[in-house]
Amino acid sequence: MSRPETSPTVCIVGAGFGGIGLAIRLKDAGFDAITILEKGGDVGGVWRDNTYPGLTCDVPSHLYSLSFEPKHDWSRRFPQRAEIHAYLRECVDRYGLRGRLRLGTEVEGADFDEARGRWLIRTTDGDELEADFLVSATGQLSRPHYPAIPGLEDFAGPCFHSARWNHDVDLAGKRVAAVGAGASAVQYIPEVAPEADHLTLFQRSPNWVIPKPDRPYRRWQQRLFARFPRLQAASRMLVWLRFEFFILAFSRFRPLGRLYERGYRRRVEREIADPELRDKLIPDYPLGCKRVLISNDWFSTLERPNVSVVTEPIAAVRSHGVLTADGTEHPADVLILGTGFTAKDFLAPMAIRGRDGRDLNEAWREGAEAYLGLTVSGFPNLFMLYGPNTNLGAGSIVYMLESQIQYVVEAVRTLARTRVAFMDVRPEVQSKFNEDIQTRLADSVWTGGCTSWYVTESGKVTNNWPGFTSEYRRRTRRPELGDFRLATRR
Ligand code: NAP
């Protein structure tokens with residue numbers, strides 16, 4: 001097989017944190033032949049799509065931002081969505097990535113042409129392009145999950161998902177029914193409740209909610225970070241260490257988690273007067289099994305006289321309300337679905353075919369898996385950012401993305417510097433890796449008696465990384481060539 005001696009071409013799918021971060025690092029490393037395909041009309045991923053009121057990041061931005069592109073003047077510890085979105089757009093402009101970006105371009109599928117060692121990528125508008133590397137950076141939380149509730153389509157009023165917020169709907173004075181009490185709901189319910197005539201929260205399971213240590217950064221602090229970047233790096237490090245400590249509580253040192261649980265119970269007793277409401281808010285599963293939420297106004301919102309928390313299961317949606325299993329119809333003018341994302345589908349609906357026409361979604365029928373969450377046997381030169389088993393129960397996904405970015409840049413470097421035409425992870429390496437992590441995950445808090453978007457119905461943890469983020473960083477420093485079957489150029 002021969003390939004011209006040029007810089008490898010890289011096609012990145014998705015212009016969120018992962019896609020933008022990778023493009024910057026590839027450019028820095030001298031690899032300029034990059035195309036970023038983005039189905040949306042703007043960059044920003046989840047920070048473009050989610051516009052619900054009250055959206056802030058639940059990881060402090062000194063850690064939830066690119067370490068190689070620090071922003072010194074974050075307005076506060078947990079900044080609002082618009083500030084994070086603006087940061088990503090600034091990164092794109094600062095690194096001159098606009099020319100590499102094709103907005104409004106959705107990938108339908110891609111096939112690996114083994115004879116030429118290249119990916120042939122098709123877009124939904126009928127375009128085709130080729131690249132040596134295909135890197136998906138589509139995230140785990142980009143496709144809303146719409147629940148299969150009978151009668152949902154018969155609802156007469158406006159109905160929308162939290163990730164597709166309909167800002168044309170004026171909620172003032174309306175009876176709002178909100179389904180879901182997860183990380184999104186905990187942020188928009190406190191914003192919606194004061195406006196609404198009445199808000200009914202349909203909560204299937206309660207969550208552990210801990211206080212949010214938020215505060216604005218003062219002007220002098222921002223100046224200090226700009227003047228002494230090491231101070232900001234130290235702040236980043238402290239936040240990172242705190243999350244690594246949390247991971248300890250979710251994995252090897254579970255009694256720590258029980259201490260937090262006791263603290264939560266005391267807080268509920270102290271802050272909530274109504275014993276019935278208290279009971280509704282205490283989870284019956286261990287801390288960390290579902291994502292731990294942070295909020296300072298969740299309890300006070302749920303205590304408002306115009307808010308009711310309904311834990312009776314939803315039986316159906318009617319044209320003017322929500323019917324629960326006990327036969328009560330809860331009247332509603334507007335229905336908000338804070339019901340999460342189809343996080344376990346990973347690269348779907350893209351049809352990715354690797355060697356011998358093998359279909360990735362078919363290979364993942366029993367639950368997605370990859371080597372280091374990055375690469376799948378039979379799909380050479382395909383890398384995934386935020387792929388299977390790289391989500392965290394606690395920590396910054398941007399930190400994980402940076403580990404993955406480093407690995408992909410090194411893979412591109414391998415092609416550029418050696419006679420390697422493509423690299424395909426050995427099936428036994430992938431199997432061994434997955435056996436090991438599944439053994440560790442079987443013992444983790446995520447299999448501790450709750451349902452969550454981390455775990456399949458059959459009980460396989462497909463989304464989360466079992467260890468510290470530092471372990472992941474160490475293991476993804478560079479591709480070990482012995483892990484791969486390598487095809488070489490003439
Ligand atoms: P989520 O955590 O998956 O929560 C979905 C909620 O909908 C849960 O309360 C779930 O109940 C409920 N639900 C789902 N289907 C239902 C049905 N058929 N009937 C009744 N209730 C139903 O989704 P999310 O809140 O959008 O958050 C997803 C993830 O996005 C988070 O874990 C986090 O990683 C990320 N996120 C981050 C931020 C941030 O940084 N600021 C904000 C939002 C989200 P069960 O719990 O019983 O399943």
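Residues numbered from 1 in each chain as written. Predicted model: local features only at pLDDT ≥ 70, side-chain atom pairs only at ≥ 80, totals over all residues. Heavy atoms only, no water.

J.: Help me understand the sheet that holds strand β9 (residues 175-179) in this model?
T.: Backbone hydrogen bonds are what pair the strands of a sheet, in a parallel or an antiparallel way. Overall, parallel pairing links the five strands, which are arranged β8-β17-β9-β10-β13 in an open sheet. Each end of this open sheet is capped by a strand with a single partner; those strands are β8 (159-161) and β13 (307-310). This sheet shows a mean twist of 20° between the axes of neighbouring strands, independent of strand direction. The sheet contact formed by strand β10 (residues 198-202) and β13 spans four bridges and is parallel. Across the sheet, the residue bridging to Phe-202 is Val-310, located in β13. (Pairing = 2+ DSSP bridges. Helix = DSSP H or I, 4+ residues; strand = E, 2+ residues; numbered from the N terminus. Axes fitted to C-alpha atoms, helices over the stretch in contact; angles between N-to-C directions.)

J.: Sorry, what's going on with the sheet that holds strand β1 (residues 10-13) here?
T.: Strand order in this open sheet of five strands is β3-β2-β1-β7-β19, and the pairing throughout is parallel. Strands at the two margins of the open sheet, each flanked by one partner only, are β3 (101-103) and β19 (382-384). On average, each strand axis in the sheet is tilted by 20° relative to the strand beside it, whichever way the strands run. With three bridges joining them, strand β2 (residues 34-38) and β3 adopt parallel strand pairing. Residue pairing in the sheet places Leu-37 in a bridge with Arg-102 of β3. Along the sheet face, helix α11 (residues 397-417) touches β1, β7 (133-136) and β19 and points at about 175° away from the line of β7. (Contact = heavy atoms within 4.5 Å.)

J.: Hey, could you run me through the state of the cysteines in this one?
T.: Here is the idea: a disulfide is a covalent bond, and it sits between the sulfur atoms of two cysteines. Inspection of every chain in the model, using the stated rule, returns one disulfide. Here Cys-289 is linked by a disulfide to Cys-450, with a sulfur-sulfur distance of 2.2 Å. Measuring handedness by torsion sign, the sulfur bridge of Cys-289 and Cys-450 sits at about -100° and is left-handed. Here Cys-289 is found in the loop between α8 (275-280) and β12 (293-294), whereas its partner Cys-450 is found in the loop between α12 (427-442) and α13 (469-475), with 161 residues between them in sequence. Of the two residues, Cys-289 and Cys-450, neither departs from the other in class, the shared state being buried. Counting only cysteine sulfurs, Cys-91 is the nearest neighbor of Cys-57, a cysteine outside any disulfide, at a range of 14 Å. (Disulfide = S-S within 2.5 Å. Buried < 20%, exposed > 50% of the residue type's maximum accessible area, 1.4 Å probe, protein only.)

J.: Any chance you could explain α12 here in plain terms?
T.: With 16 residues, α12 should reach 22 Å at 1.5 Å per residue; the first-to-last C-alpha distance of 22 Å fits that figure. Within α12 the residues assigned to the buried category are Val-429, Gln-430, Phe-433, Asn-434, Ile-437 and Leu-441. Seen from one end, α12 has its buried residues packed into an arc of 120°, which puts them on one side. Looking at α12, the residues exposed on the side facing more than 90 degrees away from the buried face are Glu-435, Thr-439 and Ala-442. Taken together, the buried residues of α12 touch β20 (420-425) and α13. (Expected span 1.5 Å × (residues − 1). Arc of directions from axis to C-beta.)

Fair warning: the whole summary comes from geometry, so function is off the table for now.
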